[in-house]
Each structure stands twice: as C-alpha cells, then as structure tokens.
Amino acid sequence: MITAHNQHSYWQALPLTLVLLAFLVFPIVVIGIVSFWDYNSYSLIPDFILDNYQYLLSSPVTLQAYLNTFKYAALTWFFTLSIGFTVAYFLTFHIRSPGTQTLCFIICTVPFFTSNIIRMISWIPLLGRNGLVNSTLQSGGLIDQPLSFLLYSDFSVVLAYVHLYTLFMVVPIFNSMMRIDRNLVEAAVDAGASGFQILKDIIIPLSRSGIIVGSIFVFTLVMGDFVTVKIMGGGIKANVGMMIYNEISLLQYPAAAASAIVLLATVMIMLVILFRLVNIRKEL
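Residues numbered from 1 in each chain as written. Predicted model: local features only at pLDDT ≥ 70, side-chain atom pairs only at ≥ 80, totals over all residues. Heavy atoms only, no water.

### Examining the overall build of the protein chain
Spelled out, the test is: Only DSSP runs of H or I covering at least 4 residues are called helices, and only runs of E covering at least 2 are called strands; the numbering of each starts at the N terminus. When we talk radius of gyration, it's over C-alpha atoms, and the globule rule is simply 2.2 Å times the number of residues to the 0.38. Each residue is placed in one exposure class: buried if its accessible area under a 1.4 Å probe, protein chains only, is under 20% of its type's maximum, exposed if it is over 50%, and partly exposed if it falls in between. Any two residues whose heavy atoms approach within 4.5 Å are treated as being in contact. His is not counted, nor are the chain ends; Lys and Arg add positive charge and Asp and Glu add negative charge. The location of each charge is read from NZ of Lys, CZ of Arg, CG of Asp or CD of Glu.
In terms of helices and strands, the protein chain carries 15 helices and 2 strands. Its C-alpha atoms give the protein chain a radius of gyration of 24 Å, more than 25% over the compact-globule value 19 Å for 284 residues. The dimensions of the protein chain, computed from C-alpha atoms along their principal axes, are 80 × 70 × 35 Å. Relative to its 284 residues, the protein chain shows a buried fraction of 36%. Sequence separation of 24 or more characterises 71% of the internal contacts of the protein chain that already satisfy a separation of 6 or more. Distance from the positive charge centre (13 side chains) to the negative charge centre (12 side chains) of the protein chain: 7 Å.

### Description of the UniProt feature "transmembrane region" (unreviewed entry) in the protein chain
The condition that has to hold: UniProt positions are given in the numbering used here, feature names are shortened, and annotations may be inferred rather than shown by experiment.
Feature annotation in UniProt assigns "transmembrane region" (unreviewed entry) to the following positions: residues 12-37, 72-91, 103-124, 155-174, 210-233 and 253-278. Helix makes up 88% of residues 12-37 and strand 0%, with an end-to-end C-alpha separation of 38 Å. As a span, residues 253-278 carries 88% helix and 0% strand, and end to end its C-alpha atoms are 37 Å apart.

### Quick notes on unusual backbone geometry
The backbone of Tyr 152 sits at a positive phi, close to 55°, despite the residue not being glycine. As for its position among the elements, Tyr 152 is in the loop between helix H7 (132-139) and helix H8 (154-177). The phi dihedral of Leu 251 falls on the positive side, at around 65°, and the residue is not glycine. Secondary-structure assignment places Leu 251 in the loop between helix H13 (240-249) and helix H14 (253-275). Taking the relative accessible area as the measure of exposure, Leu 251 reaches 44% and is therefore partly exposed.

### Topic: the environment of Ile 248
Here Ile 248 lies in helix H13. Apart from residues no more than four positions distant in its own chain, Ile 248 is found in contact with Tyr 253 and Ala 256.

In structure tokens form, the structure reads like this:
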C-alpha cells in the first residue's frame, strides 16, 4: 500500500528520474537500436542485422584493441594504486594538522585547473627525442642516442593516465584511512607489531573499501578514454575508444554503436564484480 509519505518521496525522486531517463537511458537505447542497423558508404539503413556484432566479436583487430585496453587499465591501476596508497598513507598518518592536510590536497588538485589535453601535451616537450629528458641524459653522458620509447609508446600512454587519474585513487583511500581508529594502531605497536605487520593486518584491510572505490574510478575512466591514446600514442597505438572514434570518423555509425554496446557491457561486468566487494552507498 502506497502511503502519503511514499508518494511524497516518489515526487521528490521524479525530477532526477526524468533527467536520467532523458540523458542516460534514452541515448543508450538509441545506440543499442542503431547497432543493429545496416549501412553503406553514404547512408544508414534501418534494419535488424547481427553483422555488426558478428564482425566485431570475430575480428582480430577487436581482440587486439581490447587487449591493449585491458593492458592500459591494469598498468594504470597498479601505478595509481601504488602512488595513491602511499600519498594517502602519508597524509593520514604522518601529517596530523588538518590545515596542512588541506594544503596538500590543494597542491594535488592544482593540475586539474587546466584541461586534460593541455596536461598531456605538456609531456611532449619533455619526452620527445629532442626533449628535456633525452637532452639531459645525453648531456650527462648516460645515453648515446635519444630514447625513442619515451614518447608515442605504451610507456607515454600509461604515464599520461597515471598523471591524469592518480588523484581519483588518493581521495577514496584517504577517506577510508581517516576512519581507522588510531587506538588499533597504538595497540598493535604496544603488542610489538612491526610497521609491516601493522600495514598488512590493519591499514590495508581497513582501507579495502577506498581501494575498491578508487579502482572503480580508474578502470571506468581508462576503459572509455581515447583522447589520451590518440595524443600520447601518436596515432600508432589503439584501444577500444580509439576504435570507436575511427569508426565514427569513417561514418560507420552502426559499427561504432555495436562497439560501444560491447564496451558498455564489458565495463558493467567489471563494475558488478567490484561492487560486490564494497558497499558503495556507505562510501559515497
């Protein structure tokens, strides 16, 4: 039975529901419909065919694109987790002043005052064959010729991802660490536990929810990105986002829609697995 209180709650939720239906659900439904259409070199043909999915799921190009995407996501997750956990641990247990913690957070967010593209382009003068890094190494006699892997490579792509998304790992881990009861740490110290034991048995387990939330942010951002690969890969590296971008550039909208649906399903499966490991409502 619907009470007056429940009706009031439904009316409060109605505006957000309409916004989600209009700007989230409806576009996804349209993309799903278009993914079954046929097309030629100059027009779309409304139809219901499975050719787009059959080609997509059987193409070696698709397999390679997904392998590259998962590789970028895994490497980015590893490095952002390592850096994010270290920074969050330092801010939580080595900086006790709230004002200093706030100042450090502001310093971490300074790069976000500029666009992602500007931040990526700023790496090019540093990592290029005649860039600052190669010039410095050659001037110091450490290398005889420029290091070509520094730019337009998997290294540069992952480096840009880590630069862009590390803060998305720092914040949730820091939030979880701030909830840890300091008495637990003090009791472990009094019991003779080493720093590594405290980290392994107390800090990491109690920070698990923050690690999972940060992982969700990083995985979803990397899986759907193509601009970073396009700029830092120099057009010779590809992931699923780049594959969809190229299909759209060639006006192959049904093929791009099918690729988008498969990517969405892949990301959703990953999120379902991660959501089972943490109570996202409690963390957010």
